[in-house]
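Survey of secondary and tertiary structure
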Amino acid sequence: MLKGRVAIVDPSPAGPTGTLVSEFGRAGYGCVYVQSTPVRPKMYESVVPTGFVDEIVHDGDLDRTIGLLSRHEPVAVVPDSEFGVPFADLLSERMGLLTNGTAFSPARRDKYRMIETVKAAGLRGARQLLVTDADELASWHRELGGRVVIKPLSSAGSQGVHYCDTPEQAVRAYRSLIGTENIFSVRNEAVVAQEYLVGTEYSVNTVSRNGRHHLCDIWTATQITANGVLDLCDGLVLLPHRGERVDTVFAYCEQVLDAMGIRHGPAHLDVKLTPSGPCLIEVGARMGGGWTDHYARMGTGESQLNWTVDAYTDPERFLARHQERYQVREFIAGAPMISPVEGTLRAYRGLEELKRLESYHGLRTFVQPGGRIRRTVDDLTYPLLVELRHEVPDVVLRDLATVRYLDGERFYDVEQP
């Protein structure tokens, strides 16, 4: 007998060991699949609804969708992707369920509004410009000086991000984006220009209930300059929940969550710790991506998955534990390979060397032999990811560096186009 049902809005592709559906199922709750648009964006075309008790596709008639969902008497509405956040806000608010509300929904997706909302709350935020005109952008860049970042207002996976040192580069980046479709199949009518932030980047996953925030896991992002991209992420390393830096970053993240009205459910934040303190890159009111829930559970025994279930179905347990600091049992790193080549992939050379690394745990292959490989320029064009796992952090860091040493043109057997 089910204890109740939960609506999952716009599920993302499943990770290797668990999803919100399976996690809520273990707690005794069935899940209803809710699709916020009649046609899914290309990014989610591979999603196959699995394990749901029902499927509801919103056709534009909100009353009809709410009527269909109400038959299940859901105890919660939870977004499972960036694309599903606004509709989950709307459904939960209209149905009188636990909700972050719609007042800040636009700011939770629009990267310009997001930073302005944070700054309006008195927090550090990047200097920025909502760009609709090339001349205005060039003038703003000249006045600001230094390096700027040009990116779509609403996207993901670092798609469309450009690092520009001159006004001319900024204008070219703007013109390359305007009018194109972002990762969610939405036309870019404007872009945002922001000052480039210098500092260590942190990836932070949280879950909240009644405005009480729990740090599930925090990662440091390592970066290289390759294929014309200044800050190309080449690794994520799980950090222990201790130390002044982690405390400083998480305290800032709690303030960001409050400023964004994220009082309930999972959130993901990217933050740079600059010389003058933490500064937000972006925040999403949903689960972290990149299978970090899987890796966090591997390293700590828990993740955003079980904390999200507790937040919505067992608030007493959540609130009693939310200040607990997680303990790292094994240190985890994900090391994506950075392809410098394009063409038809015949084979990966050197896989056996990777597998001999002391902390080697496994591979995630995104481009199979016989498929087309592209130069890696963002999170969407990694061909392969090496999973590292060891109880000694220095072993993981050594092997992370070795992965980068083994990468390069010699690693790929490619038939040129």
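Being a predicted model, the structure only gives us computed values, none of them experimental. (Residues numbered from 1 in each chain as written. Predicted model: local features only at pLDDT ≥ 70, side-chain atom pairs only at ≥ 80, totals over all residues. Heavy atoms only, no water.)

Observations concerning the pattern of salt bridges
Quick reminder of the rule: Take a side-chain nitrogen of Lys or Arg and a carboxyl oxygen of Asp or Glu: if they are within 4 Å of each other, that pair is a salt bridge. Here a helix means four or more residues in a row that DSSP labels H or I, a strand means two or more in a row labelled E, and each is numbered from the N terminus. Buried means the residue's accessible area, taken with a 1.4 Å probe over protein chains only, is under 20% of the maximum for its type, while exposed means over 50%, and partly exposed covers the values in between.
What the rule picks out here adds up to 27 salt bridges. A salt bridge links arginine 404 to aspartate 234, with the nearest nitrogen and oxygen atoms 3.0 Å apart. With a gap of 170 residues between them, arginine 404 in helix α13 (residues 393-406) and aspartate 234 in strand β11 (residues 229-239) connect regions that are remote in the sequence. With a shortest N-O distance of 3.1 Å, arginine 398 and aspartate 399 are connected by a salt bridge. A relative accessible area of 2% places aspartate 399 in the buried class. Three or more residues joined by partner-sharing salt bridges are found here, namely Glu23, Arg26 and Arg297.

Brief notes about helix α8 (residues 244-259)
Operational definition: Helix span, expected: 1.5 Å multiplied by one less than the number of residues in the helix. We call two residues in contact whenever any of their non-hydrogen atoms come within 4.5 Å of each other.
With 16 residues, α8 ought to run about 22 Å at 1.5 Å a step, and its terminal C-alpha atoms sit 23 Å apart, in line with that. Of all the positions in α8, only Val246, Val249, Phe250, Tyr252, Cys253, Val256, Leu257 and Ala259 are classed as buried. The inward-facing, buried residues of α8 abut α5 (111-120), β9 (200-209), β10 (212-226), β11, β12 (265-274) and β13 (277-284). Just downstream of α8, glycine 261 is the residue with a positive phi angle, here 70°.

As for the sheet that holds strand β18 (residues 384-390)
The following threshold applies: Here a strand pair is declared whenever DSSP counts at least two bridges between the two strands. For every element, the axis is a line fit to its C-alpha atoms; helices are fit only across the contacting stretch, and the angle between N-to-C directions ranges from 0 to 180 degrees.
Pairing within the open sheet is antiparallel, and its eight strands lie in the order β13-β12-β9-β10-β11-β14-β18-β16. Two strands bound the open sheet, and with one partner strand each, they are β13 and β16 (360-365). Going from strand to strand, the sheet's axes swing by 25° on average, the running direction of each strand aside. Where strand β14 (residues 331-336) and β18 come together, six bridges link them in antiparallel fashion. Of the residues in β18, the one forming a bridge with phenylalanine 331 is histidine 390. Sheet strands in contact with helix α9 (residues 292-300) are β9, β10, β11, β14, β16 and β18, and its direction is about 110° off that of β10.

Brief notes about the nonpolar core
To keep it simple, the criterion reads: The criterion is simple. A nonpolar core is a set of buried Ala, Val, Leu, Ile, Met, Phe, Trp, Tyr and Cys residues joined through side-chain atoms within 4.5 Å.
Core analysis: the largest hydrophobic core is formed by 59 residues, its most contacted members being Ile218, Val256, Leu269, Leu280, Val283 and Tyr412. Sort the elements by how many residues they give to this core and α8 lands first, with eight residues. In contact with leucine 269, other than residues within four places in its own chain, are Tyr202, Ser203, Val204, Thr206, Cys253, Val256, Leu257, Leu280, Glu282 and Val283. Core analysis: the second largest hydrophobic core is formed by 16 residues, Val131, Leu137, Leu177 and Ala193 among them.

Quick look at the side chain of serine 36
Heads up, the condition is: Each polar contact in these results corresponds to two N or O atoms within 3.5 Å; when the atoms are within protein, one needs to be able to donate a hydrogen and the other to accept it, and residues that are neighboring in sequence are counted only if both atoms are side-chain atoms.
Take serine 36: it is sitting in the loop between β2 (29-35) and β3 (54-57). Polar side-chain contacts of serine 36 include one of 2.6 Å to the side chain of aspartate 10. Aside from chain neighbours lying at most four places away, what touches serine 36 is Asp10, His58, Phe83 and Phe87.

Considering the sheet that holds strand β6 (residues 148-152)
One open sheet accounts for four strands, arranged β5-β8-β6-β7; its pairing is antiparallel. The sheet is open, and its two borders are formed by β5 (128-131) and β7 (162-164), each paired with just one other strand. Direction aside, the axes of adjacent strands within the sheet are offset by 25° on average. Strands β5, β6 and β8 (191-195) of the sheet are contacted by α5, whose axis makes an angle of about 145° with β5.

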